[in-house]
Amino acid sequence: MEHAKKVEEVRSVLKEVGEDTLKAFLMIDAVQRLGIDYHFHGEIEAVLERLYTKFNMSDCHNDLYELALGFRLLRQEDVFNNLKDKEGKVQGKISQDIEGLMSLYEA
């Protein structure tokens, strides 16, 4: 019973993560490092999808940690699959951005 209660507490915290991207990234990172992220896959995916639309690298200013953490978490959850079409190919105008594609590949 106690275990289920704690799982629900963490689930509610993940659902209520605000608009602070760093705080959300840190919460997800902590859950992953504890090895309990499999309990919250849906919630983590929803938060990262929301943050993906909001996350802007220029907002990180000089905070390399936030930038790296955000990139790692988004990459791990395959959020960048939004860049692909139904056939798994890179979408239209993005496929023409060779420099951007090379940078993404190297990252």
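What counts and what doesn't
- Residues numbered from 1 in each chain as written.
- Predicted model: local features only at pLDDT ≥ 70, side-chain atom pairs only at ≥ 80, totals over all residues.
- Heavy atoms only, no water.
- Core = buried A, V, L, I, M, F, W, Y, C linked by side-chain atoms within 4.5 Å.
- Buried < 20%, exposed > 50% of the residue type's maximum accessible area, 1.4 Å probe, protein only.
- Helix = DSSP H or I, 4+ residues; strand = E, 2+ residues; numbered from the N terminus.
- Contact = heavy atoms within 4.5 Å.
- Salt bridge = Lys/Arg side-chain N within 4 Å of Asp/Glu carboxyl O.

A. The arrangement of the nonpolar core in detail. Ranked by size, the top nonpolar core spans 15 residues in total, and within it Phe25, Ile28, Phe40, Ile44, Val47, Leu48 and Leu73 carry the most contacts. Elements that contribute at least two residues to this core include exactly helix H1 (2-15), helix H2 (21-33), helix H3 (41-54) and helix H4 (64-76). Not counting residues within four places of it along the chain, the set of residues in contact with isoleucine 44 comprises Leu14, Ile28, Val31, Asp37 and Glu77.

B. Summary view of the pattern of salt bridges. What the rule picks out here adds up to 4 salt bridges. The closest approach of N and O atoms between glutamate 43 and arginine 11, which form a salt bridge, is 2.7 Å. Of the two residues, glutamate 43 is situated in helix H3 and arginine 11 in helix H1; the sequence distance between them amounts to 32 residues. Here arginine 72 makes a salt bridge to aspartate 29, at a shortest N to O gap of 2.4 Å. Here the residue arginine 72 occupies a position in helix H4, and aspartate 29 occupies one in helix H2, the gap between them amounting to 43 residues. Residue aspartate 29 is classed as buried on the basis of its relative accessible area of 7%.

Distances and angles like these do not, on their own, reveal function.
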